[in-house]
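# Analysis of the macromolecular model
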Amino acid sequence: SWLHCDGRKAKMNACSRASARLLVRRQSPAVAALAPSDLRTLIPGLPSHPSSSPSIDISARRMATGSRGARGHGWLRKYRAGLGGRHLQGRWHYRDNDELNSINDEVFGMNALLNPDDNIPTEAYLDLQVGDEEPRRVMIELASAALPKTIENFTKLCQEKERGGYESTSVYRIEKTVGLCLGDVINNDGTSGRCHPSVGTTTSPYTIKDEGYLVSHTGPGIVTMSKPGVHRNDSRFLITTISAPQLDGRFVAFGRIKEGMDVINEIATGVFTKRGVPTVDVKVAACGVQS
């Protein structure tokens, strides 16, 4: 309830007669000089006895109660069955992965339209080495026709043998619920990165813009750019180990694992991490492209 006193509003909570009178007097200096009897006339809801509570009707906001819970009825049963729910997983739970996978296939299928004489790379490889073990190869299929600028940056960093390429860089972070993070060509710890010098522009020499969100993160093996902000793609990228719908529309996915997903899974599950940072050296021993 709202009380209009001399053009001012004083909100009445569930308070006693004395606190209500004090509230009104503070709101309007003109009302402060009124006697209690005059206040009782001004505020009809105030009782005559000081010990009784005000009879003013106050509608208080209350939280919903009942057996449904904040996440909806039966959310725990649905969660255990893998069904999720509107309150539990939001819009990601209701997306059609089969349809998105078919769209991904169409995006990668656009590579058939490329001119073979242009020698545009459609595949890349990474030789990942864990500690002193032998390097193991991971083949990546690239969406070269759909995302030419992003692919140009990635492939040139794979081919770069001097300082500033992917070779000898480390997997600087392993997120168990997302994937492997790598590609920091400067500090090698995930705090920096830069695009290939031939791809950058005079206005943006270290980053490239978001080219498009054509490929969805529908499952493990999606290769996507990792960026600190909008239109700030550099050299960092990640390889998903599970479905990551939270990355759709934020990170530009440009490739998918064609061979060697077992290598990615073994690194993600077999390498001990401390707050996400691998305790052993996981590095890119060699890398390159294939047409």
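Residues numbered from 1 in each chain as written. Predicted model: local features only at pLDDT ≥ 70, side-chain atom pairs only at ≥ 80, totals over all residues. Heavy atoms only, no water.

### Comments concerning helix α6 (residues 97-109)
The end-to-end C-alpha separation of α6 is 18 Å, in line with the 18 Å expected for 13 residues at 1.5 Å each. Among the residues of α6, those classed as buried are Leu100, Asn104, Val107 and Phe108. With its buried residues spanning 90° around the axis, α6 presents them on a single face. Exposed residues on α6 whose side chains face more than 90 degrees from its buried face are Asp98 and Glu106. The inward-facing, buried residues of α6 contact β4 (136-142) and β9 (253-259). Measuring from the side-chain oxygen of the N-cap residue of α6 to the backbone nitrogen of Asp98 gives 3.2 Å; that N-cap residue is Asp96. (Helix = DSSP H or I, 4+ residues; strand = E, 2+ residues; numbered from the N terminus. Expected span 1.5 Å × (residues − 1). Buried < 20%, exposed > 50% of the residue type's maximum accessible area, 1.4 Å probe, protein only. Arc of directions from axis to C-beta. Contact = heavy atoms within 4.5 Å. Polar contact = N/O pair within 3.5 Å; in protein donor to acceptor, adjacent residues only side chain to side chain.)

### Side note on the pattern of salt bridges
The tally for this structure, following the rule as stated, stands at 11 salt bridges. Taking the shortest distance from any N to any O, the salt bridge between Lys258 and Glu123 comes out at 2.4 Å. Of this pair, Lys258 sits in strand β9 while Glu123 sits in strand β3 (residues 123-130); the two residues are 135 residues apart in sequence, bridging distant segments of the chain. A residue is classified by how much of its surface remains accessible, and Glu123, at 15% relative accessible area, is buried. The closest approach of N and O atoms between Glu266 and Arg136, which form a salt bridge, is 2.5 Å. Placement of the pair is Glu266 in helix α8 (residues 261-270) and Arg136 in strand β4, with a sequence separation of 130 residues. (Salt bridge = Lys/Arg side-chain N within 4 Å of Asp/Glu carboxyl O.)

### A short note on the packing of aromatic side chains
Applying the stated criterion across every chain, the model contains four aromatic pairs. For the ring pair Phe154 and Tyr166, a centre distance of 5.5 Å and an interplane angle of 50° mean the geometry is tilted. Taken together, the residues span a long stretch of sequence, with Phe154 in helix α7 (residues 148-159) and Tyr166 in the loop between α7 and β5 (171-175) at a distance of 12 residues. You'll find Phe154 and Tyr166 in the same group, each marked buried. Measuring from ring centre to ring centre gives 5.3 Å for Phe154 and Phe237, while their planes differ by 90°; the resulting arrangement is edge-to-face. Here Phe154 is found in helix α7, whereas its partner Phe237 is found in strand β8 (residues 237-240), with 83 residues between them in sequence. (Phe/Tyr/Trp six-rings, centres within 6.5 Å; stacked < 30°, edge-to-face > 60°.)

### Description of α8
Among all positions of α8, only Met261, Val263, Ile264, Ile267 and Ala268 are buried. The arc enclosing the buried residues of α8, seen along the axis, measures out at 160°, which places them on a common side. Those residues of α8 that are exposed and aimed more than 90 degrees away from the buried face are Thr269 and Gly270.

### Thoughts on the nonpolar core
Of all hydrophobic cores here, the largest spans 41 residues; its most connected members are Phe154, Phe237, Phe254 and Ile267. If you tally residues by element for this core, the top one is α8, at five residues. Once you skip the residues sitting within four places of it in the chain, Phe237 turns out to touch Leu126, Phe154, Tyr166, Leu180, Cys181, Leu182, Gly183, Val223, Thr224, Met225, Ser226 and Phe254. Of all hydrophobic cores here, the second largest spans seven residues; its members include Tyr172, Val178, Leu238 and Ala244. (Core = buried A, V, L, I, M, F, W, Y, C linked by side-chain atoms within 4.5 Å.)

### Thoughts on unusual backbone geometry
Phi is positive for Asn119, which is not a glycine, with a value near 55°. Along the chain, Asn119 turns up in the loop between α6 and β3. Looking at Asn119, the relative accessible area reads 53%, which means it is exposed. You will see that Asn188, though not glycine, has its phi angle at about 65°, which is positive. Residue position: Asn188 is located in the loop between β6 (179-182) and β7 (222-225). A residue is classified by how much of its surface remains accessible, and Asn188, at 28% relative accessible area, is partly exposed.

### Re the sheet that holds strand β12 (residues 282-290)
The eight strands lie next to each other as β5-β6-β8-β7-β9-β4-β3-β12, forming an open sheet whose pairing is antiparallel. Edge positions in the sheet fall to β5 and β12, since each has one partner strand and no second. Along the sheet, successive strands turn relative to each other by an average axial angle of 25°, direction set aside. Relative to β6, β5 runs antiparallel, the two being bridged by four bridges. By the bridge assignment, Glu175 is partnered in β6 with Gly179. α6 rests against β4 and β9 of the sheet, and its axis sits at about 90° to β9. Helix-sheet contacts for α7 involve β3, β4, β7, β8, β9 and β12, and the interaxial angle to β12 is about 115°. (Pairing = 2+ DSSP bridges. Axes fitted to C-alpha atoms, helices over the stretch in contact; angles between N-to-C directions.)

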